[in-house]
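So the chains spell out like this:
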Amino acid sequence: MAGGRVPAICAPLVGRTRAALAAEAAAVAARQPDLIEWRVDFFEPLADTGEVLAAAAAVKQAAAGIPILFTRRAQREGGQPIPLSESRVLDLYAAVAASGTVDAMDFEMENAPADVARVRELTRAHGLALVLSFHDFQRTPPTPDLQQRFAQAQRLGADVAKLAVMPQSMEDVHRLLGATLAASQSLTIPVVSMAMGGLGAVSRLCGGVFGSALTFAVGAAASAPGQVPIDEVRATLAVLQRATGA
Ligand SMILES: O=C1C[C@@](O)(C(=O)O)C[C@@H](O)[C@@H]1O
């Protein structure tokens, strides 16, 4: 696609129990996303590591070879409230990384530097990709801040840099796409971005043209505002691909 490649499609899982999650994973896998994200902050027995590992194994089995991204989204960045301290979250990341059930992990770049370094170490030790992310559910930060966030992820050792922001105007969406294009040209790692909500939905469809390597789409249930059903995203990407000659 002009300015970028066709972005990969990631569909989230937000099941609250192991049974719900396994059913959701099977339904999502049937729609063949390139990646499945397990948003473990939605999972009610999160404090029970054995139950998390059993659920991770069930998701892996249902995903039938589709790579899995493991994400505990912090509440301050739009995630669900969870009953774990940050040190227990790190223990959970370590246990899941060691279990061989996931392929990549997402961690917020705003977490304590020692925690980011620890997650970088453990993902590397287990051969997993690390997405370092930043989310603002209220607004779209100034353009220099967007650029700085993309660069910060690379500096911290990310394999992928991801920004999700809330636009308050189309100018905000436009700025995010511009910052994404600039980062995709200046950084050595893939970048991912999305503007959330209805105003930002266009960014989920055309972000690839501006250098975003991945777009999140609904397989069974949305994990953030403005996500579009996977079949509609796929059809739109195909139209753009044909039109731009990529
Ligand atoms: O970071 C992201 C992006 C996202 O917030 C979105 O807006 O599509 C959805 C989340 O599940 C994921 O972890």
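Residues numbered from 1 in each chain as written. Predicted model: local features only at pLDDT ≥ 70, side-chain atom pairs only at ≥ 80, totals over all residues.

### As for the site of the ligand
Okay, so step 1: As a structural note, the neighbourhood of the ligand is formed by 16 residues, with Pro12, Ala164, Phe216, Ser223 and Ala224 the closest of them.
Okay, so step 2: Those elements giving two or more residues to the shell around the ligand turn out to be β2 (35–39), β5 (129–136) and β6 (160–165).
Okay, so step 3: When the residues that make up the shell around the ligand are grouped by side-chain class, the tally is 6 nonpolar, 5 polar and 5 charged. (Near = placed C-beta within 6 Å. Helix = DSSP H or I, 4+ residues; strand = E, 2+ residues; numbered from the N terminus. Nonpolar A, V, L, I, M, F, W, Y, C, P; charged D, E, K, R; others polar.)

### Remarks on the UniProt feature "binding site: 3-dehydroquinate" (unreviewed entry) in the protein chain
Okay, so step 1: Within the UniProt annotation, "binding site: 3-dehydroquinate" (unreviewed entry) is assigned to Glu37, Trp38, Arg39, Arg73, Arg204, Ser223 and Gln227.
Okay, so step 2: Residue position: Glu37 is located in strand β2.
Okay, so step 3: On the neighbour-count criterion, Glu37 (26 C-beta atoms within 10 Å) is buried.
Okay, so step 4: Beyond its immediate sequence surroundings of up to four residues, Glu37 is in contact with Cys10, Pro12, Leu13, Leu69 and Thr71.
Okay, so step 5: Position of Arg39 among the secondary structure elements: in strand β2.
Okay, so step 6: If we ignore the near neighbours within four places in the chain, the residues touching Arg39 are Pro12, Leu13, Val14, Thr71, Arg73 and Ser223. (UniProt positions renumbered as here; feature names shortened; annotations may be inferred. Buried ≥ 20, exposed ≤ 12 C-beta atoms within 10 Å, placed from the backbone. Contact = placed C-beta atoms within 7 Å.)

### Brief notes about the UniProt feature "active site" (unreviewed entry) in the protein chain
Okay, so step 1: Residues annotated in UniProt with the feature "active site" (unreviewed entry) correspond here to His135 and Lys162. The greatest C-alpha distance among the annotated residues, which extend across 28 residues, is 8.5 Å, indicating that they converge on a single site.
Okay, so step 2: Residue His135 is classed as buried on the basis of its 21 C-beta neighbours within 10 Å.
Okay, so step 3: If we skip the residues at most four places from it in the chain, His135 touches Glu77, Gly78 and Ala164.
Okay, so step 4: Here Lys162 is to be found in strand β6.
Okay, so step 5: By the C-beta count within 10 Å, which is 25 here, Lys162 ends up buried.
Okay, so step 6: The residues touching Lys162, leaving out its near neighbours within four places in the chain, are Val131, Ser133 and Val192.

### Notes on the packing of helix α6 (residues 170–186) against helix α7 (residues 197–206)
Okay, so step 1: Orientation of α6 relative to α7, taken along the N-to-C sense of each, is 30°, at an axis distance of 9 Å. As summarised for this structure, α6 and α7 are arranged roughly parallel, according to the angle between their axes. In this structure, the crossing between α6 and α7 has a hand that is right-handed. Contacts between α6 and α7 pair Met170, Val173, Leu176 and Leu177 from the former with Leu199, Gly200, Val202 and Ser203 from the latter.
Okay, so step 2: The residue inventory of the contact of α6 with α7, partitioned by class, reads 6 nonpolar, 2 polar and no charged. (Axes fitted to C-alpha atoms, helices over the stretch in contact; angles between N-to-C directions. Parallel < 35°, antiparallel > 145°, perpendicular 65-115°, else oblique. Left-handed = near helix turned anticlockwise from the far one by under 90°.)

### Focus: the pairing of β6
Okay, so step 1: Counting buried positions along β6 gives 6 out of 6 residues, so the element sits mostly inside the fold.
Okay, so step 2: Every second residue of β6 is oriented toward a common face, with Val160, Lys162 and Ala164 on one face and Ala161, Leu163 and Val165 on the other, all of them buried.
Okay, so step 3: Two strands pair when backbone bridges link them, and β5 and β6 are joined in this way by 6 bridges, in the parallel orientation. The partner of Ser133 across the bridge, within β6, is Lys162.
Okay, so step 4: The handedness of the β5 to β6 crossover, carried by helix α5 (residues 143–155), is right-handed.
Okay, so step 5: As a crossover connection, the stretch from β6 through α6 into strand β7 (residues 191–195) is right-handed. (Pairing = 2+ DSSP bridges. Right-handed = clockwise from strand over helix to strand, strands pointing away.)

### Description of the sheet that holds strand β1 (residues 8–13)
Okay, so step 1: In spatial order, the strands read β7-β6-β5-β4-β3-β2-β1-β8-β9; together these 9 strands make up an open sheet with parallel pairing. Two strands bound the open sheet, and with one partner strand each, they are β7 and β9 (228–229).
Okay, so step 2: Along the sheet, helix α2 (residues 49–63) contacts β1, β2 and β3 (68–71); its crossing angle with β3, the most-contacted strand, is approximately 150°.

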